[in-house]
Amino acid sequence: MKSGRQRRAEIKLRRTARRAAVAARAQRAPAKPPERRVVVNPENLRPTNSYGSPRFVERGYYVDLPFTCKACGVPQVWTAAQQKWWYESAKADVWTTAARCRPCRIRERNRKAAAHKVHLDGLAKKAGQRSMRAKGEASRPETRR
Ligand SMILES: [Zn+2]
């Protein structure tokens, strides 16, 4: 059986070990950078017919928002300054948020432009065929039945 003094010594030893471990863990954990805030100017926002208002409007400032790119799955941060530009300068809908990283956004933009060009080319081709057919009908001899 241990004496009271022995037990106290053991407890003290355990406590110092635990304190050291906690301190080491605190040092190892990267210090979270201070939240960067950018003030919202609600007058610059695009009007919305919604009953509610977005979180950043209620809060009064933008904060950096982490998100995962929906195309490549890479974690990203949508900075407060980028949000201010998006909502107040680009006048984007206040309920939209970042979905893709910059390279994926550019890729998606090019893909859409290419698809739109194919669409327009198709329409032009169709219109050309239609006008050709109209001309063909006009020049058709009347004797034909
Ligand atoms: Zn991406």
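Everything below is about the structure printed above this text.
Summary of the structure given here. (Residues numbered from 1 in each chain as written. Predicted model: local features only at pLDDT ≥ 70, side-chain atom pairs only at ≥ 80, totals over all residues. Heavy atoms only, no water.)

**Regarding the coordination of the zinc ion**
Phase 1 of the analysis: Those donors, C69 (SG), C72 (SG), C101 (SG) and C104 (SG), are the protein atoms that reach the zinc ion, and they lie 2.2 to 2.3 Å from it.
Phase 2 of the analysis: One way to put it: the four donor atoms around the zinc ion meet at angles of 100 to 116°, and that makes the site tetrahedral.
Phase 3 of the analysis: Each donor residue of the zinc ion lies on one chain, and together they are spaced C-x2-C-x28-C-x2-C.
Phase 4 of the analysis: Classification of C101 by relative accessible area gives buried; the value is 6%.
Phase 5 of the analysis: A residue is classified by how much of its surface remains accessible, and C104, at 4% relative accessible area, is buried. (Donors = N, O, S within 2.8 Å, 3.2 Å for Na, K, Ca; no water. Tetrahedral: all angles 85-135°; square planar, octahedral: opposite > 155°, others 65-115°. Buried < 20%, exposed > 50% of the residue type's maximum accessible area, 1.4 Å probe, protein only.)

**Notes on the nonpolar core**
Nonpolar side chains in soluble globular proteins tend to be buried together.
Phase 1 of the analysis: If you look at the biggest cluster of nonpolar residues, it comprises nine residues: V40, L45, F56, Y62, F67, W78, A80, Y87 and V94.
Phase 2 of the analysis: With sequence-adjacent residues up to four places away left out, V94 is seen in contact with L45, R46, T48, P54, F56 and Y87. (Core = buried A, V, L, I, M, F, W, Y, C linked by side-chain atoms within 4.5 Å. Contact = heavy atoms within 4.5 Å.)

**Some points on the packing of aromatic side chains**
Phase 1 of the analysis: The tally for this structure, following the rule as stated, stands at five aromatic pairs.
Phase 2 of the analysis: Aromatic pair Y62 and Y87: ring centres 6.0 Å apart, planes at 10°, arrangement stacked. Of the two residues, Y62 sits in strand β2 (residues 61-62) while Y87 sits in helix α3 (residues 80-89), which places them 25 residues apart along the sequence. Each of the two residues, Y62 as well as Y87, counts as buried.
Phase 3 of the analysis: The rings of F56, Y62, W78 and Y87 are connected pair by pair, giving a single aromatic cluster.
Phase 4 of the analysis: Over the aromatic face of Y61 sits the side chain of R59, whose NZ or CZ is 5.6 Å from the ring centroid. (Phe/Tyr/Trp six-rings, centres within 6.5 Å; stacked < 30°, edge-to-face > 60°. Helix = DSSP H or I, 4+ residues; strand = E, 2+ residues; numbered from the N terminus. Lys NZ or Arg CZ within 6 Å of the ring centre and 35° of its normal.)

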